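Observations on the model geometry
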There are 2 protein chains.
Amino acid sequence: MAEKEKIDKKEHLLNVAERVFGEMGYDGASTRLLAQEAGMNMAMLNYYFGSKDGLLKAVVERRMSSTRKEFEEIAHQDMPCWEKINQIVQLYVSRVATSKYFHKIIFREISVIRSGTEVTDFVLENLYQNVMLVHRVLAEGIRKGEFREVDIEMTVAGIFGTVNYLINSRRLASKILKMDLMDDHVLQEEMKPRLLAYLQDSLKTHLLIHETEK
Amino acid sequence: MAEKEKIDKKEHLLNVAERVFGEMGYDGASTRLLAQEAGMNMAMLNYYFGSKDGLLKAVVERRMSSTRKEFEEIAHQDMPCWEKINQIVQLYVSRVATSKYFHKIIFREISVIRSGTEVTDFVLENLYQNVMLVHRVLAEGIRKGEFREVDIEMTVAGIFGTVNYLINSRRLASKILKMDLMDDHVLQEEMKPRLLAYLQDSLKTHLLIHETEK
DNA sequence: CAAAGTTAATCAATCGATTGATTAATTAAC
DNA sequence: GTTAATTAATCAATCGATTGATTAACTTTG
C-alpha cells in the first residue's frame, strides 16, 4: 500500500510539474508553487528528485525515451518512404496533441540557455535522434526516386516547426481561429485532424513527383 | 553632447537586453546580469525604464511597430497574390535572420504565462495583425483562383512555424547540419538562402495549382 | 565672465521579498 | 521498534527595486 501510494504521489508531482513548467517556464515556476499545486510539502520535491533541476529531468526523461522507440519502429519497417513519413507525422502530431506541456518544455529547453544543467544535453541528443530518423527516411526516399530532391534539413524543420508553432502558441492560434479558449477537446477534435491533413497535403505536394515533371 | 550620450546608453542597454532576454529568457535574466552585461549600474535600468518589465516592453515595442508597416506595404500593393506571399516571406525571413534574439523573445512571450504584465497583450495583438495580413493574402489568392483551396490557418502556421523553429533552436540545427557553432555569418550566408528557397519551393508546390489538376 | 542655482545622470548601499535547499522534529508504516 | 514518509521552520543566496548622496552639465543671475 505504501509502495503504491508513494508511486502515485511521485507520479502526481511529475504530472503537475509538467503542466506548471510548461505554463510558466523553468525559471518562472518556483518550487513552492510546484509543491502547492501538487498539494504537498515543498520538501517532498527534494526528497523525491533531489532538486528542482532533478524534477525537470525526471519530467523530461519519462516521456522522451518511450517516444523514441515508437519512431524507430516505424522507420525500420518495410514500406514505401511516403508511408513512413506519413506514419511518423501521424505519431508525432498525436504525441504533441496529448502532451502539449511536455513539448513546450523541451522546445524551451533547446532555445533558452540555462547554466549548469545536464537536462539540455539530454533533450538535445534525443531530439537529434528523432530528427535524424526523419532525415534518413527522406534521404532514402530521394535516393529511391520516390521523392523530389528537396532540401532535407529544411523539410524536417518544416514538419517539426509547424507542429511546434501551433501547439506552443495556442493563445495566438485561438485569436486567429476566433475562439475564446482552446481547450483539450478542441485541440483533439479540431486542430489535430486539420494539422494532420495540412501536413499530409503539404508534404505530398512538396515531396512527391508531379505528373508534369515525369 | 549630453543628449547624444544619453540616447546611446539607453540604446546600448536595449541592445544588450534584447540579447540577454533572448538567450536566458525573461525570468532567467536578472537585472544585475543585464546591467553588468551592459556595463552600467543596475539602478540605471529602473532609471531608464522604470522596471524590468518596462525594459522588456521597450525592447519589444521598438521593433514590432516598424515591421508591421513594412508588411502592410507589401500586402496593399497591386500584384499577383503569389508575388505578395513571396515578398512577405522574403521580408519575414530577412527580419528574423537579422534580429534572432528578438524573435526568440516574442515567441516565448506568447508561449509562456507571465503574470501581471501587459507586454504579452501587445505582442499578441501585433503578431495577430501580421498573421491576419498573410491570412488575407492567401484568402484573396484562393478567391481569385490563383491558389488551391488550402487550409489557410495551417498554411500560415507552416510559414511562421518553420522560420521560428530554425531560428529558436539553433543549437539543434547546428547539430543536424554538423556545425560546431552557427554564427551570424553562417546564418546570413547559408541558412537564410536555404530557408528562403525551401519556403518558396514548398509554398509553390502547395499553393499553386498543378498542371495535372487543370 | 564668474558665481550661484538647477537639473539630469550615476553610484554604492540596502530594502523587503522570494528563491532553492536543508534541517530537525514528528508521524506513519510494517 | 526500526525504517520510511512528511512536516514546519529555517538557511544562505539572490531577486527586483529604491534610497540618499555624489557627480557632471547646463542655466540663470549679477
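Residues numbered from 1 in each chain as written. Chains lettered and ligands numbered in written order. Predicted model: local features only at pLDDT ≥ 70, side-chain atom pairs only at ≥ 80, totals over all residues. Heavy atoms only, no water.

Let's shift gears to the nonpolar core. One finds L55 of chain A together with L55 of chain B to be the most contacted residues of the largest nonpolar core, which totals 151 residues. When neighbours within four sequence positions are excluded, L55 of chain B is seen to be in contact with L13, L14, A17, F21, L34, L45 and F49 of chain B. (Core = buried A, V, L, I, M, F, W, Y, C linked by side-chain atoms within 4.5 Å. Buried < 20%, exposed > 50% of the residue type's maximum accessible area, 1.4 Å probe, protein only. Contact = heavy atoms within 4.5 Å.)

Quick look at unusual backbone geometry now. At K178 of chain A, a residue that is not glycine, the phi angle is positive and equals roughly 55°. For K178 of chain A, the position within the fold is in the loop between α9 (170-176) and α10 (184-207). (Helix = DSSP H or I, 4+ residues; strand = E, 2+ residues; numbered from the N terminus.)

Quick look at the pattern of salt bridges now. Applying the stated criterion across every chain, the model contains 34 salt bridges over all chains. Across the pair R19 of chain B and E37 of chain B runs a salt bridge whose closest N-O atoms are separated by 2.7 Å. On the criterion of sequence distance, the pair formed by R19 of chain B in helix α1 (residues 2-24) and E37 of chain B in helix α2 (residues 31-38) is long-range, its members being 18 residues apart. Salt bridges sharing partners connect three or more residues here, namely E11, E18, R62 and R63 of chain A. (Salt bridge = Lys/Arg side-chain N within 4 Å of Asp/Glu carboxyl O.)

Mapped onto this structure's residue numbering, the UniProt feature "DNA-binding region" (unreviewed entry) falls at residues 30-49 of chain A. As a span, residues 30-49 of chain A carries 80% helix and 0% strand, and end to end its C-alpha atoms are 15 Å apart. (UniProt positions renumbered as here; feature names shortened; annotations may be inferred.)

A separate point is the side chain of E18 of chain A. Residues and elements named next belong to chain A. Within the secondary structure layout, E18 lies in helix α1 (residues 2-24). At a separation of 3.0 Å, a polar atom in the side chain of E18 contacts the side chain of R63. Look past the residues within four positions of E18 in its chain and what remains in contact with it is V59, R62, R63, S99, Y101, F102 and I105. (Polar contact = N/O pair within 3.5 Å; in protein donor to acceptor, adjacent residues only side chain to side chain.)

This next bit is on the interface of chain A and chain B. Accessible area lost on assembly of the parts is the figure often given for the size of an interface. Across the boundary between the two partners, chain A contributes 54 residues, which contact 54 residues of chain B. Carbon and sulfur atoms make up 65% of the area that chain A and chain B hide from each other, which totals about 5,000 Å². It is M154, Y165 and R171 of chain A that lose the most area in chain A upon contact with chain B, and together they represent 14% of the buried surface on that side. Across the contact surface, chain A and chain B share eight salt bridges. Among the salt bridges present, the one from R194 of chain B reaches D151 of chain A, with a minimum N-O distance of 2.7 Å. (Buried area = accessible area lost by both parts, 1.4 Å probe.)

Looking now at the packing of helix α8 (residues 152-168) of chain A against helix α6 (residues 100-111) of chain B. Relative orientation of the contacting elements α8 of chain A and α6 of chain B amounts to 50°, with a least axis distance of 9 Å. In this view, α8 of chain A runs oblique relative to α6 of chain B, as classed from their interaxial angle. Side by side, α8 of chain A and α6 of chain B meet where N164, Y165 and N168 of chain A of the first sit next to F107, I110 and S111 of chain B of the second. When the residues that make up the contact of α8 of chain A with α6 of chain B are grouped by side-chain class, the tally is three nonpolar, three polar and no charged. (Axes fitted to C-alpha atoms, helices over the stretch in contact; angles between N-to-C directions. Parallel < 35°, antiparallel > 145°, perpendicular 65-115°, else oblique. Nonpolar A, V, L, I, M, F, W, Y, C, P; charged D, E, K, R; others polar.)

Residue and element names in this part refer to chain A. For Q77, the position within the fold is in the loop between α4 (52-75) and α5 (81-98). The partly exposed category is assigned to Q77, whose relative accessible area is 38%. Residues Q77 and M154 lie 77 residues apart in sequence; the distance between their C-alpha atoms is 24 Å. Setting aside its immediate chain neighbours within four residues, Q77 contacts K84 and Q87.

The next thing to look at is the relation of the copies chain A and chain B. Mapping chain A onto chain B leaves a residual RMSD of 0.1 Å; the transformation is a rotation of 180° accompanied by 0.0 Å of translation along its axis. Given the turn and translation reported, the copies of this chain are related as if by a two-fold rotation axis. Residue G161 of chain A, judged by its C-alpha, is the member of chain A lying nearest the rotation axis, at 2.3 Å. Mapped onto chain B, 100% of the interface residues of chain A are again interface residues, and the two copies thus contact each other with one and the same surface. (Least-squares fit on C-alpha atoms with pLDDT ≥ 70 in both.)

Residue and element names in this part refer to chain B. In this fold, R68 is placed in helix α4 (residues 52-75). Through-space distance from the C-alpha of R68 to that of Y198 is 24 Å; in sequence the pair is 130 residues apart. In contact with R68, not counting residues within four places along its chain, are N126, Q129 and N130.

Time to look at the side chain of T155 of chain B. Here T155 of chain B lies in helix α8 (residues 152-168). Judged by its relative accessible area of 0%, T155 of chain B falls in the buried class. Among residues more than four places away in sequence, those in contact with T155 of chain B are Y198 of chain A together with L138, V150, L203 and H206 of chain B.

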